Amino acid sequence: MHSRTNQKIECALYVVATPIGNLGDITLRALEVLDGADVIAAEDTRNTKHLLQHHGITDSKLLAVHQHNERGAAERISGLLQQGQSVALVTDAGTPAVSDPGALLVEAVRNAGFRVVPIPGASAAIAALSASGLASPHFLFYGFLPNKSGARRTALETLAQQDCTLVFYEAPHRILECTADLLAVFGGKREIVFARELTKLFESIHRCKLDEASAWLNSDANNQRGEFVLLVAGAPARQEALDVEAERVLTLLLAELPLKQAVQLAGQITGQPKNALYQKALTLKPA
């Protein structure tokens, strides 16, 4: 339980990350902000009240801010900030404005000239990446794909050549058809990680090839339950193709020189990758 100071904080909009499941996954700084804010703007006040009560914060003023009233709430919150009050923004889980309400409110508050202070914390995408074992140094966070299969496949086709890990959020009732579309667009050999119910009682993290994914999902009804983070390995490196001129130069050099020397000289003349020249040389001049 949080040791309360109830110390008032400076006037600003505080964007506060809250737990994605386990109520213990909240920072001391987040608790201080929630305790000291004049108003807490929450996606679902009932959900947030449960979190606050768990940590012994019971006298906070809650204001509902969700996707259906965000623009109107922005005007009200700017008014509170104008009066010198402090406002903490939270969503049901994780970080506001990241595949969750909050971005419109933050933009409006910044445009009105007020301070916006991030209070970092839990993120389902980062938690899933850290436990996935996918070793790419880069990732692309996409969030939720379109609901309909046709639009979803179109979106996936724009990502098919990305060589970084792709990170998606998906709801349980769409997990089977989403996985089918991933297989159709990316092919069966790419690896996928299903990170399900992260930090909660029935958390599971499963890694397999895309052509094995459907069988795993259907092997146990529980595998289709809960909120998902999907991580898909990036596109494999494509073999570099030589241009026509580089191939012509390489062919001429191979007629007069040993393979290794011809490759080295062709690289210096054409600027083409040595590996690609070597692979091509093997086909033109077998050992």
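Analysis parameters
Residues numbered from 1 in each chain as written. Predicted model: local features only at pLDDT ≥ 70, side-chain atom pairs only at ≥ 80, totals over all residues. Heavy atoms only, no water. Buried < 20%, exposed > 50% of the residue type's maximum accessible area, 1.4 Å probe, protein only. Helix = DSSP H or I, 4+ residues; strand = E, 2+ residues; numbered from the N terminus. Pairing = 2+ DSSP bridges. Axes fitted to C-alpha atoms, helices over the stretch in contact; angles between N-to-C directions. Parallel < 35°, antiparallel > 145°, perpendicular 65-115°, else oblique. Left-handed = near helix turned anticlockwise from the far one by under 90°. Contact = heavy atoms within 4.5 Å. Nonpolar A, V, L, I, M, F, W, Y, C, P; charged D, E, K, R; others polar. Core = buried A, V, L, I, M, F, W, Y, C linked by side-chain atoms within 4.5 Å. Right-handed = clockwise from strand over helix to strand, strands pointing away. Polar contact = N/O pair within 3.5 Å; in protein donor to acceptor, adjacent residues only side chain to side chain. Salt bridge = Lys/Arg side-chain N within 4 Å of Asp/Glu carboxyl O.

Asker: Please explain unusual backbone geometry as it appears in this structure.
Answerer: Negative phi is the rule for most residues except glycine; trans is the rule for most peptide bonds. At Ala97, a residue that is not glycine, the phi angle is positive and equals roughly 75 degrees. Its relative accessible area of 32% is what places Ala97 among the partly exposed residues. Despite not being glycine, Ser99 shows a phi value in the positive range, around 55 degrees. In this fold, Ser99 is placed in the loop between β4 (87-90) and α4 (103-111).

Asker: Please clarify how the sheet that holds strand β8 (residues 191-196) should be interpreted in this entry.
Answerer: Strand pairing within a sheet occurs via backbone hydrogen bonds; the two strands may be parallel or antiparallel. Strands sit in the order β6-β7-β10-β8-β9 across an open sheet of five strands; the sheet is mixed. What marks the edges here is a single partner per strand, and that holds for β6 (139-144) and β9 (204-209). In this sheet, neighbouring strand axes are inclined to one another by 15 degrees on average, regardless of whether the strands run parallel or antiparallel. Bridge count between β6 and strand β7 (residues 165-170): five bridges; the pairing is parallel. Bridge pairing links Leu140 to Leu166 in β7.

Asker: Which parts of the structure should I look at to understand the packing of helix α7 (residues 175-186) against helix α8 (residues 210-219)?
Answerer: The angle between the axes and the distance between the axes are what describe a pair of packed helices. Close contact between α7 and α8 brings their axes to 9 Å; oriented N to C, the two are set at 165 degrees. The pairing of α7 with α8 is recorded here as roughly antiparallel in orientation. Remark: the crossing between α7 and α8 carries left-handed chirality. Packed against α7, whose contacting residues are Ile175, Leu176, Thr179, Leu182, Leu183 and Phe186, the element α8 presents Leu210, Asp211, Ala213, Leu217 and Asn218 at the interface. Split by residue class, the contact of α7 with α8 holds eight nonpolar, two polar and one charged.

Asker: What is the right way to read the nonpolar core from this model?
Answerer: Grouped burial of nonpolar side chains is what soluble globular proteins tend to show. By size, the foremost hydrophobic cluster in this structure holds 22 residues, and its most contacted members are Phe168, Leu182, Phe186, Ile192, Phe194, Leu230 and Val232. For this core, the secondary structure elements donating two or more residues are α6 (149-159), β7, α7, β8, α8 and β10 (228-232). Residues in contact with Phe186, not counting those within four places in the same chain, are Leu156, Leu159, Ala160, Leu166, Leu210 and Val232. Membership of the second largest hydrophobic core comes to 19 residues, among which are Val16, Ala30, Ile57 and Ala88.

Asker: Just to check I follow, could you spell out the pairing of strand β3 (residues 61-64) for this structure?
Answerer: In the case of a regular strand, side chains alternate between the two sheet surfaces. Pairing of strand β2 (residues 39-42) with β3 involves four bridges; the strand directions are parallel. Bridge pairing in β3 links Ala41 to Leu63. For the crossover from β2 across helix α2 (residues 45-54) to β3, the handedness is right-handed.

Asker: Is there a simple way to think about the side chain of Asp181 in this case?
Answerer: Positionally, Asp181 belongs in helix α7. In terms of polar contacts, Asp181 uses its side chain to reach the side chain of Arg152, at 2.9 Å. Every residue in contact with Asp181, bar those within four places of it in the chain, is listed here: Ser149, Arg152, Arg153 and Leu156.

Asker: What's the story with the pattern of salt bridges in this structure? I'm lost.
Answerer: Where charged atoms from two side chains of opposite charge come close, those side chains can pair. Applying the stated criterion across every chain yields a total of twelve salt bridges. Between Glu10 and Arg115 there is a salt bridge whose closest N-O contact spans 3.2 Å. Taken together, the residues Glu10 in the segment before β1 (13-16) and Arg115 in the loop between α4 and β5 (116-119) connect sequence positions 105 residues apart. The class for Glu10 is exposed, based on a relative accessible area of 56%. With relative accessibility at 47%, the residue Arg115 sits in the partly exposed group. A salt bridge links Lys280 to Glu247; the nearest nitrogen and oxygen atoms lie 3.6 Å apart. Linking Lys280 in helix α11 (residues 274-284) with Glu247 in helix α9 (residues 244-256), this pair joins segments that are 33 residues apart in sequence. On the accessibility criterion, Glu247 (29% relative accessible area) is partly exposed.

Asker: Would you take a moment to explain the sheet that holds β2 for this structure?
Answerer: One open sheet holds the five strands; their spatial order is β3-β2-β4-β1-β5, and the pairing between them is parallel. Two strands bound the open sheet, and with one partner strand each, they are β3 and β5. Here the strands of the sheet are splayed against their neighbours by 25 degrees on average, with no regard to which way each runs. Here β1 runs beside β5; their pairing, made up of four bridges, is parallel. By the bridge assignment for β5, Val16 is matched with Ile119. Sitting on the sheet, α2 is in contact with β2, β3 and β4, with an inclination near 150 degrees to β3. Those strands touched by α4 are β1, β4 and β5, and its axis lies near 155 degrees from that of β1.

Any functional reading would require information beyond the geometric quantities listed.
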